[in-house]
Amino acid sequence: MSLEIRNFYFDEVAEVIEPLAHLRITVFRDWPYLYDGDLDYERRFLADYAKADGMVCAVFDGDRMVGASTGMGLKWQPANVREAFAGNFLKIEDIYYCAESVLLPEYRGRGLGHAFFEHREINAFNLHYTTTGFCSVIRPPDDPRRPAEYRPLDSFWRKRGYAPVQDAVAHIPWRDIGAAEETVKPLQVWLSDKRWTH
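Before going into details, it helps to say that this report is about the structure given with it. Since we're looking at a predicted model, the values are computed, not measured.

**A few points about the pattern of salt bridges**
Between side chains of opposite charge, a pair can form when the charged atoms approach closely.
Moving on, step 1. For the structure shown, the criterion picks out 14 salt bridges.
Moving on, step 2. Residues Arg145 and Asp143 are paired through a salt bridge, measuring 2.9 Å at the closest nitrogen-oxygen approach.
Moving on, step 3. Of the charged contacts in the structure, one is a salt bridge between Asp176 and Arg145, with a shortest N-O distance of 3.2 Å. With Asp176 in the loop between strand E6 (162–174) and strand E7 (183–192) and Arg145 in the loop between strand E5 (131–137) and helix H5 (154–159), the pair connects residues that are 31 residues apart, well separated along the chain.
Moving on, step 4. The buried category is assigned to Asp176, whose relative accessible area is 7%.
Moving on, step 5. Bridged by salt links that share partners, the residues Arg139, Asp143, Arg145, Asp176 and Lys185 form one connected network.

Structure, rendered in structure tokens:
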């Protein structure tokens, strides 16, 4: 199986909004997101990555997008995300936000998660950001919806040089599968130990 990784920057992102929207809805239905996706919302949300300094790192199996990750300067993120990073020793303007990564299950375990981070970190450096960060969903450990085989990605992120920031939590609303309305979810802020100077 031959896979191809392609990066889309700024206005190029518009080329892949449609397949990425469908992919996000598919992958984010699973734990820990349990997201009941809306295609129109996804299109509007992803359109922001075609502005400012957004990027999509996508992996294709032939013509089919099977995984992707997104990135953008933290300063362009909504206030509820920016504010979660505020108060640490870094300026919001210095942080590149590695937003989400999605990958179909049958393509996992092939090093693509590392590639997603590497491509976004290179872009962050080239854009003169100082470091990178992201948020991860927090779910109660005793949530009955948690699959028995689920393994969190904390060790993977730590190996990449990221660590959770104490008391730094974003709050983002979305509708869970089977829910009647949106509820606000907590997300843990993680920051890289890399610090670049230019």
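Don't stop here, the text continues.
**Focus: the nonpolar core**
Moving on, step 1. Counting 50 residues, the largest nonpolar core has Val56, Met65, Ala68 and Phe85 as the members making the most contacts within it.
Moving on, step 2. Contacts of Met65, omitting those with residues within four sequence positions, involve Val16, Pro19, Leu20, Leu23, Ala58, Val59 and Phe60.
Moving on, step 3. In terms of nonpolar packing, the next biggest core, distinct from the first, is built from seven residues, Phe134, Phe156, Trp157 and Tyr162 among them.

**Concerning the side chain of Asp53**
Moving on, step 1. Position of Asp53 among the secondary structure elements: in the loop between helix H2 (39–47) and strand E2 (55–61).
Moving on, step 2. Buried within the structure, Asp53 lacks any salt-bridge partner; Lys75 is the closest side chain of opposite charge, at an N-O distance of 5.1 Å.
Moving on, step 3. Side-chain polar atoms of Asp53 contact the backbone nitrogen of Gly73, separated by 2.9 Å.
Moving on, step 4. Polar side-chain contacts of Asp53 include one of 3.4 Å to the side chain of Trp76.
Moving on, step 5. In this structure, Asp53 is in contact with Phe10, Gly71, Met72, Gly73, Trp76, Tyr96, Asn123, Leu127 and Tyr129, ignoring residues within four places of it in sequence.

**Notes on the pairing of E7**
Moving on, step 1. A large share of E7 lies buried, amounting to seven of its ten residues.
Moving on, step 2. Two elements, E6 and E7, share nine bridges in a ladder whose sense is antiparallel. Within E7, the position partnered with Ile172 by the bridge is Lys185.

**Here's the deal with the sheet that holds strand E4 (residues 95–103)**
Moving on, step 1. If you trace the seven strands from one edge of the open sheet to the other, you get E1-E2-E3-E4-E5-E7-E6, paired in mixed fashion. The two strands at the open ends of the sheet, each matched to only one other strand, are strand E1 (3–9) and E6. Across the sheet, the mean angle from the axis of one strand to that of its neighbour is 25°, orientation sign disregarded.
Moving on, step 2. Sheet analysis places E1 next to E2, joined by seven bridges and oriented antiparallel. Along E2, the bridge assignment pairs Asn7 with Cys57.
Moving on, step 3. On top of the sheet, helix H1 (residues 17–27) reaches E2, strand E3 (64–73) and E4; it is set at about 95° to E3, its chief contact.

Criteria and cut-off values
- Residues numbered from 1 in each chain as written.
- Predicted model: local features only at pLDDT ≥ 70, side-chain atom pairs only at ≥ 80, totals over all residues.
- Heavy atoms only, no water.
- Salt bridge = Lys/Arg side-chain N within 4 Å of Asp/Glu carboxyl O.
- Helix = DSSP H or I, 4+ residues; strand = E, 2+ residues; numbered from the N terminus.
- Buried < 20%, exposed > 50% of the residue type's maximum accessible area, 1.4 Å probe, protein only.
- Core = buried A, V, L, I, M, F, W, Y, C linked by side-chain atoms within 4.5 Å.
- Contact = heavy atoms within 4.5 Å.
- Lys, Arg positive; Asp, Glu negative; His and termini not counted.
- Polar contact = N/O pair within 3.5 Å; in protein donor to acceptor, adjacent residues only side chain to side chain.
- Pairing = 2+ DSSP bridges.
- Axes fitted to C-alpha atoms, helices over the stretch in contact; angles between N-to-C directions.

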